[in-house]
Amino acid sequence: MSLPAVLLAAGSSPSPTPSESSTPAVPTLQDAQESATNAASWVEQNWSTWLAIGLKVLLILVIAVVLRNVVLRAITKLIDRMNRTAESAEGTTLGGLLVNAERRRQRSQAIGSVLRSVASFLILGTAALMALSAFQINLAPLLASAGVAGVAIGFGARNLVTDFLSGVFMILEDQYGVGDSIDAGVASGEVVEVGLRVTKLRGANGEIWYVRNGEIKRIGNLSQGWATAGVDVTVRSNEDLDKVRATLDEVAEKMSKEEPWNELLWGPIQILGLDSVLIDSMVVRLSAKTMPGKAVTVERELRWRIKQAFDAARIRIVGGETAVLLDEEAADPVAAVAAPSVFSDSDSPQVAATTPIAAQRPATPGK
């Protein structure tokens, strides 16, 4: 190739200038048309899949919300029916064995709250897992992680879980409620508040006890059903039993007809008979069924009336220090004093016979 031809070829393809090489290429209309065509084809190919997934998730959420509302409404109706059943029994014999209105209200609220929380957690949790599976998300690692976290939390907060579960079953079984007097083993007193984790008691001296539900191993409820008032009367063994029984019958009949004792007594005062017989005394036992928590009050009033009736009937109550009856002769103050001893007289032969012999002095030598 000749030199003019080489120069002509070099002149026909000039080298790009630095300004021309740094300028970005502007997309043409043809490139934009190709991108739109590719996006439209991708949407056309996958729109049915995405639409199916969206409809599936929407259907899951709708079913979960509807099911949750239905379950919550059913729980509310169940709690209301329990309250109406308790209120309708207030005027019957069973009504006296039921708890007060505040206790029923608190128990219903606690049971309803627990059931609603459990139902919402189960329904919404299941719906969330089904929605994630609809997006083709592998739930195995998530479930494994949740299981490990649950085990770790269970070991770390096992006492909390125990208290919570114990509180739930105590409320569901209606073991005690607000206003009840209970003996929980670790503490005793009147129930002030019942929680899912802690029960609050007020002791006899006014102190407040916070007892964890998981620590309660046994419960003695003194306010459910009825209480029993028992009084023991100790009289002399030579008293007339018929007279004692007649006096006690009169006291019991009179107390049962007076207010407010006729409401506190849920049955007649029964004379059970002789509980024990000793050489110088005998014990007569009385018993009565009373309103829960009123046994001590009935016992005190019954003792008061028995003492007054026995004083009027001149029946002596023994056991401890007792007053001397007016018709008895005063005891001789020197009757219990022993007779004087002959040894009290210094000139008596007995004293002389017991006088120690004086020690003899040894003889002095030379005398």
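Conventions used here
- Throughout this document, residue positions are counted from 1 along each chain, in the order its sequence is written.
- Reporting of local features is limited, given that this is a predicted model, to residues whose pLDDT is at least 70; pairs of side-chain atoms are given and counted only at 80 or more, and all residues count toward the totals for whole chains, interfaces and linings.
- Based on all heavy atoms of the structure, the side-chain values leave hydrogens and waters out of the count.
- A pair is scored as a salt bridge if a Lys or Arg side-chain nitrogen falls within 4 Å of a carboxyl oxygen belonging to Asp or Glu.
- By definition, any uninterrupted DSSP run of H or I lasting at least four residues is a helix, any uninterrupted run of E lasting at least two residues is a strand, and each is numbered from the N terminus.
- A simple rule labels every residue: compare its accessible area, found with a 1.4 Å probe on the protein chains alone, to the largest value its type can have, and call it buried under 20%, exposed over 50%, or partly exposed in between.
- Only heavy atoms enter the contact rule, under which two residues are in contact if any of them lie within 4.5 Å.
- Any two strands with at least two DSSP bridges between them are considered paired.
- The axes are straight lines fitted to the C-alpha atoms, using for helices just the contacting stretch, and the angles between their N-to-C directions are given from 0 to 180°.
- Orientation labels follow simple angle bins: below 35 degrees gives roughly parallel, above 145 gives roughly antiparallel, 65 to 115 gives roughly perpendicular, and whatever is left gives oblique.
- Note on convention: near helix rotated counterclockwise from far helix by under a right angle means a left-handed crossing. Clockwise means right-handed.
- Classes in brief: Ala, Val, Leu, Ile, Met, Phe, Trp, Tyr, Cys and Pro nonpolar; Asp, Glu, Lys and Arg charged; the others, Gly included, polar.
- For Phe, Tyr and Trp, where Trp contributes only its six-membered ring, two rings pair if their centres lie within 6.5 Å, and the inter-plane angle classes them as stacked under 30 degrees, edge-to-face over 60, or tilted in between.
- Distance and angle both matter: a charge sits over a ring if NZ of Lys or CZ of Arg is within 6 Å of the ring centre and within 35 degrees of the ring normal.
- pLDDT expresses how confident the predictor is about each individual residue, on a scale running from 0 to 100.
- What we call a nonpolar core is a set of buried Ala, Val, Leu, Ile, Met, Phe, Trp, Tyr and Cys residues that are connected through their side-chain atoms within 4.5 Å.

> Is there a simple way to think about the pattern of salt bridges in this case?
For side chains of opposite charge, pairing can occur when their charged atoms come near one another. Applying the stated criterion across every chain yields a total of 12 salt bridges. Close ionic contact of Arg 285 with Asp 232 constitutes a salt bridge, the shortest N to O distance being 2.7 Å. Placement of Arg 285 in strand β8 (residues 281-290) and of Asp 232 in strand β6 (residues 227-236) is noted, with a sequence separation of 53 residues between them. On the accessibility criterion, Asp 232 (41% relative accessible area) is partly exposed. Of the charged contacts in the structure, one is a salt bridge between Arg 305 and Glu 301, with a shortest N-O distance of 2.8 Å. Here Arg 305 and its partner Glu 301 are both found in helix α9 (residues 295-312), 4 residues apart, which amounts to about one turn of the helix. Its relative accessible area of 14% is what places Arg 305 among the buried residues. Taken together, the shared-partner salt bridges in this structure form one network comprising Asp 163, Arg 212 and Glu 215.

> When you look at the environment of Asp 280 in this model, what are you seeing that I'm missing?
Mapped onto the fold, Asp 280 is located in the loop between β7 (270-277) and β8. In sequence terms Asp 280 and Gly 319 are 39 residues apart; their C-alpha atoms lie 9.9 Å from each other. The residues contacting Asp 280, other than those within four sequence positions of it, are Val 235, Arg 236 and Ser 237.

> Hey, could you run me through the pairing of strand β4 (residues 208-212) in this one?
Consecutive residues of a regular strand have side chains that alternate between opposite faces of the sheet. Note that strand β3 (residues 198-202) and β4 share 5 bridges and pair antiparallel. Across the sheet, the residue bridging to Arg 202 is Ile 208, located in β4. Between the antiparallel neighbours β3 and β4 lie 5 residues, among them Gly 206 with a positive phi of about 95°.

> Mind showing me how you'd approach the side chain of Ser 281 here?
Structurally, Ser 281 is set in strand β8. Accessibility expressed as a relative area gives 10% for Ser 281, which makes it buried. Residues within four places of Ser 281 in sequence aside, it is in contact with Thr 234, Val 235, Arg 236, Ser 237 and Val 318.

> In this structure, what is going on with the packing of helix α7 (residues 241-257) against α9? I would like to understand it.
Pairs of packed helices are described in terms of their axes, by the angle between the two and the distance that separates them. For the pair α7 and α9, interaxial distance at closest approach is 10 Å and the crossing angle is 130°. It follows from the interaxial angle that α7 and α9 lie oblique. Considering only the axes of α7 and α9, their crossing is right-handed. Across the interface between the two elements, Val 244, Thr 247, Leu 248, Val 251, Lys 254 and Met 255 of α7 pack against Val 298, Glu 301, Leu 302, Arg 305, Ile 306, Ala 309 and Phe 310 of α9. Among the residues making up the contact of α7 with α9, the classes are represented as 9 nonpolar, 1 polar and 3 charged.

> Hey, could you run me through the sheet that holds strand β1 (residues 181-183) in this one?
Two orientations exist for strands paired in a sheet by backbone hydrogen bonds: parallel and antiparallel. With antiparallel pairing, 5 strands are arranged side by side in an open sheet as β4-β3-β2-β1-β5. Of all the strands in the sheet, the pair left with one neighbour each is β4 and β5 (220-221).

> What should I look at first to understand the packing of aromatic side chains in this one?
Two aromatic rings, taken as a pair, are described by how far apart their centres are and by the angle between their planes. Across all of its chains, the model carries 0 aromatic pairs by this definition. Looking at Lys 289, its charged tip hangs above the ring of Trp 226, at a distance of 4.2 Å from the centre.

> What should I look at first to understand the confidence of the model for the chain in this one?
The predicted coordinates of low-pLDDT regions are not to be read in fine detail. Per-chain confidence: the chain averages 75 in pLDDT, with 70% of residues scoring 70 or above. Here helix α1 (residues 3-12) stands out as the element of the chain with the lowest mean pLDDT, 47, in contrast to β4, whose mean of 91 is the highest. Across residues 91-98, confidence stays below pLDDT 50; counting only partners more than four residues off in sequence or on other chains, it has 10 contacts. Confidence drops under pLDDT 50 across residues 320-329; counting only partners more than four residues distant or on other chains, this segment forms 7 contacts.

> Sorry if this is basic, but what is going on with the nonpolar core here?
Soluble globular proteins tend to pack their nonpolar side chains together in the buried interior. By size, the foremost hydrophobic cluster in this structure holds 27 residues, and its most contacted members are Leu 248, Ile 269, Leu 286, Leu 302, Ile 306 and Phe 310. Within the residue set of this core, elements represented by two or more residues are β6, α7, α8 (261-264), β8 and α9. A total of 6 residues in this core trace back to one element, the largest contributor, which is α9. Counting 16 residues, the second largest nonpolar core, distinct from the first, contains Ile 75, Tyr 176, Ala 187 and Ile 216.

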